[in-house]
Amino acid sequence: MSAPAAAPASRASWAERPVAARFVGRAGERAAFRDLLGQARPALLFVRGPAGIGKSALLHQLAQDATAEGRQVRHLRPGNRPARHPHPSPSPRERLERFAEELAGAAGPVLLLDAFEELADLEPWLRDDYLTRLPGDTVVVVAGRSGPSAAWLTDPAWSGAIVIRHLEALTPAESAALLEARGVEPGLRASIAGFAAGHPFALSLAAEVGRSRSATGQPSRREAARQVVDGVLARLAGDVPSDLHRWALHVCAHARHTTEDLLAAVLPGGRAAELFDWLRAQPYVETAARGLEVGGALREALDHHLRWRDPAGYERMHRAIRHHVLDELLRGARDPQASVAVMRTVSRLRRRGGVLARYVSQVGEEDVRACPVTPAAHDELVAMARESQGEAAAGSVRFWLERRPEAFTLLRSRGSGRLRAFMSWLALRRPEREELDADPVVGEIWRDVSRRTPLPPEGHVGIARHLICPAYEAKPSPITDVFQAWMLRRWLHEPGLAASYLIVANGPLWRPLMEYLGHDELTRAGAGHPYAIFGHDWLADPPEVWRDHHLDEELWAERDLFLRQEVSRAGQE
């Protein structure tokens, strides 16, 4: 009789050890929980996040943390009893009442409530009656897809006792640790991490499929990817009300920021407001400053699924979003924050190319405003140019400020008014000899212009002569995003633009982007100045053609799961 009794214990310990070993991240949440354990007073920790973000795994780990400190723990998981269990399952309320009896008189007990969205009907009873009957030093952790209700937050009885934590995606380092802990071969980790974007469920599912495939060779790479995509969609998105709602979700996943006007442009039919409200109500859709966003693994899964299921529909959607962004949004992006949003959307649409995304910031904001130059600011601009790029740049800035002050646009901090960066755009038809002699860079550019097709009568050359951004000349930033948006708008929409040029101080950094954008580097640049000059002939390669150069790559470049990469020995250590 002793053998049968020992077997369940052995199975239980076998099941628990890997879970503890595989738990990764959530240091902030665990620290907040430990702080609450040490307060010896009632505490309520709300952990919120979308499906699959790791709420249940975190509660399991918190239970272990509390047990290790000698606390009595009770853990309610709604609906976790098998449907064919021989005995009727007690209701959540009945189980909670039993917990209250078991915890009576305990010192510092812990109550964990998982999947709180399934207990919504019990919330008033929990808040106003049940929790008040637990020992006075009970720590309660509630996990759900949304945070506490307004009734809970405004109840004076709970004032100061509620802590809210929103679970974010795992960091790249945490994702790598999870994949290593699950035994994924090093060559597959980058593709899995790129797809999952830190989402624990997607990481875990892809890790298990990838580990199995490495061990057995089955299924094929495409079938493995299909299995993971289907699993992510089922777990994170679930069912949608209609085909139109499904398309709205695909639009939200494909674009960086989704607004009503974008939905109206891509999905005509007069239901944009309804679709926007539905999207906003979904727990996996984030409400950001510039619209709605679907992030991470769900975004990748939705995109992957639509490309496979309806390639023609995917292309129509991509083209419609692209048209709206490059035409309507770009034309109106005068505000720096709107300019950053446009560039991040363009980067999202072109992420399969692998180049543009490296030159557009993905996070962060700069609280700046655009303003014209005034005579009082001339010395300030000259000083910034001198400090950033030397005396030759300072002399050029002073010359063009006196000659064409309207060419300059400044970025100043909204609060302090401090100058952060500035740009000049010279629109030249036939520059005077004095201008060509005074600025050798413009002289070099005009010699290049003269070697090309003659300018049409109403044509002109646009030169981004000064891109002065002292704090960010070594890397992309929200401010360089603004510069890129302003130049892109001119390239695509400035009437009469026959050719354009830009001058950058860090040529090696920006050269791959310029090559990707079809901008040639002047062969003689650098003879008398330390800059790189790039130019494009809009007569030979007009905007309506140029904008589609990488369209096929945008749509169909491979970006799949389980693409094996070579990993050096140093990269594994």
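Scroll up a little and you will see the structure.
Residues numbered from 1 in each chain as written. Predicted model: local features only at pLDDT ≥ 70, side-chain atom pairs only at ≥ 80, totals over all residues. Heavy atoms only, no water.

On to the overall build of the protein. Each helix and strand counted, the protein has 25 helices and 14 strands in total. Residues classed as buried in the protein amount to 51% of the 573 residues present. Pairs at least 24 apart in sequence give 75% of the contacts found in the protein among residues at least 6 apart. Working note: accessible area of the protein is about 26,800 Å², and carbon and sulfur atoms make up 52% of it. (Helix = DSSP H or I, 4+ residues; strand = E, 2+ residues; numbered from the N terminus. Buried < 20%, exposed > 50% of the residue type's maximum accessible area, 1.4 Å probe, protein only. Contact = heavy atoms within 4.5 Å. Areas by Shrake-Rupley, 256 points an atom, 1.4 Å probe, with all protein chains shown as cover.)

This next bit is on the sheet that holds strand β3 (residues 110–113). What the five strands build is an open sheet, ordered β2-β3-β4-β1-β5; its pairing is parallel. The open sheet is flanked by β2 (73–76) and β5 (162–166), the only strands paired with a single partner. Adjacent strand axes in the sheet meet at a mean angle of 15° when their direction is disregarded. As paired elements, strand β1 (residues 43–48) and strand β4 (residues 139–144) share six bridges and run parallel to each other. By the bridge assignment for β4, Val 47 is matched with Ala 143. Where helix α4 (residues 92–103) meets the sheet, its contacts fall on β2 and β3, and the angle it forms with β2 comes to roughly 175°. (Pairing = 2+ DSSP bridges. Axes fitted to C-alpha atoms, helices over the stretch in contact; angles between N-to-C directions.)

Here we take up a negative patch on the surface. Taken together, Glu 260, Asp 261, Asp 277 and Glu 328 make up a surface patch of like negative charges. Here Asp 261 is to be found in helix α12 (residues 260–266). (Patch = residues over 30% accessible without salt bridge, like charges linked within 9 Å, V, L, I, M, F, W, Y side chains within 5 Å. Salt bridge = Lys/Arg side-chain N within 4 Å of Asp/Glu carboxyl O. Lys, Arg positive; Asp, Glu negative; His and termini not counted. Charge placed at Lys NZ, Arg CZ, Asp CG, Glu CD.)

Looking now at the environment of Ala 66. In this fold, Ala 66 is placed in helix α3 (residues 55–68). Judged by its relative accessible area of 0%, Ala 66 is buried. Along the backbone, Ala 66 and Gly 108 are 42 residues apart, and their C-alpha atoms lie at a distance of 9.7 Å. Setting aside anything within four residues of it in sequence, one finds Ala 66 in contact with Phe 33, Arg 71, Val 73 and Val 110.

The subject of this paragraph is the pairing of strand β7 (residues 291–294). Bridging between strand β6 (residues 285–288) and β7 involves four bridges; their strand directions are antiparallel. Among the inter-strand pairings, Ala 288 is bridged to a residue of β7, identified as Gly 291. The hairpin formed by β6 and β7 contains two residues between the paired strands.

Further remarks concern the packing of aromatic side chains. Aromatic ring pairs are defined here through the distance separating the ring centres and the angle between the ring planes. Inspection of the entire model under this criterion finds 13 aromatic pairs. Judged by centre distance (6.2 Å) and plane angle (80°), the ring pair of Phe 46 and Phe 116 falls under edge-to-face. On the criterion of sequence distance, the pair formed by Phe 46 in strand β1 and Phe 116 in the loop between β3 and α5 (123–130) is long-range, its members being 70 residues apart. When sorted by exposure, Phe 46 lands in the same class as Phe 116, which is buried. Ring geometry for Trp 538 against Trp 546: centres 5.1 Å apart, planes inclined by 80°, an arrangement best described as edge-to-face. (Phe/Tyr/Trp six-rings, centres within 6.5 Å; stacked < 30°, edge-to-face > 60°.)

Turning to the nonpolar core, a few remarks are in order. Ranked by size, the top nonpolar core spans 95 residues in total, and within it Leu 249, Leu 263, Ile 321, Phe 483, Trp 491 and Leu 502 carry the most contacts. With nine residues, the top contributor of residues to this core is helix α21 (residues 478–493). With near-sequence residues (within four places) excluded, Leu 263 lies in contact with Ala 248, Val 251, Thr 258, Pro 268, Ala 272, Leu 275, Phe 276 and Leu 279. Judged by nonpolar contacts, the second largest core, of 35 residues, contains Leu 381, Met 384, Trp 446 and Ala 499. (Core = buried A, V, L, I, M, F, W, Y, C linked by side-chain atoms within 4.5 Å.)

Let us now look at α21. For α21, with 16 residues, the first-to-last C-alpha span of 22 Å sits near the 22 Å given by 1.5 Å per residue. Among the 16 residues in α21, 14 count as buried, and that is most of the element. (Expected span 1.5 Å × (residues − 1).)

Counting across every chain of the model gives 43 salt bridges. Between Arg 98 and Glu 102 there is a salt bridge, with its nearest N and O atoms 3.5 Å apart. With Arg 98 and Glu 102 both in helix α4 and four residues apart, the pair spans about one turn of that helix. Residue classification places Arg 98 among the partly exposed residues on the basis of a relative accessible area of 37%. Judged by relative accessible area, which is 34%, Glu 102 ranks as partly exposed. For Arg 386, the salt bridge identified is with Glu 391, shortest N-O distance 2.9 Å.

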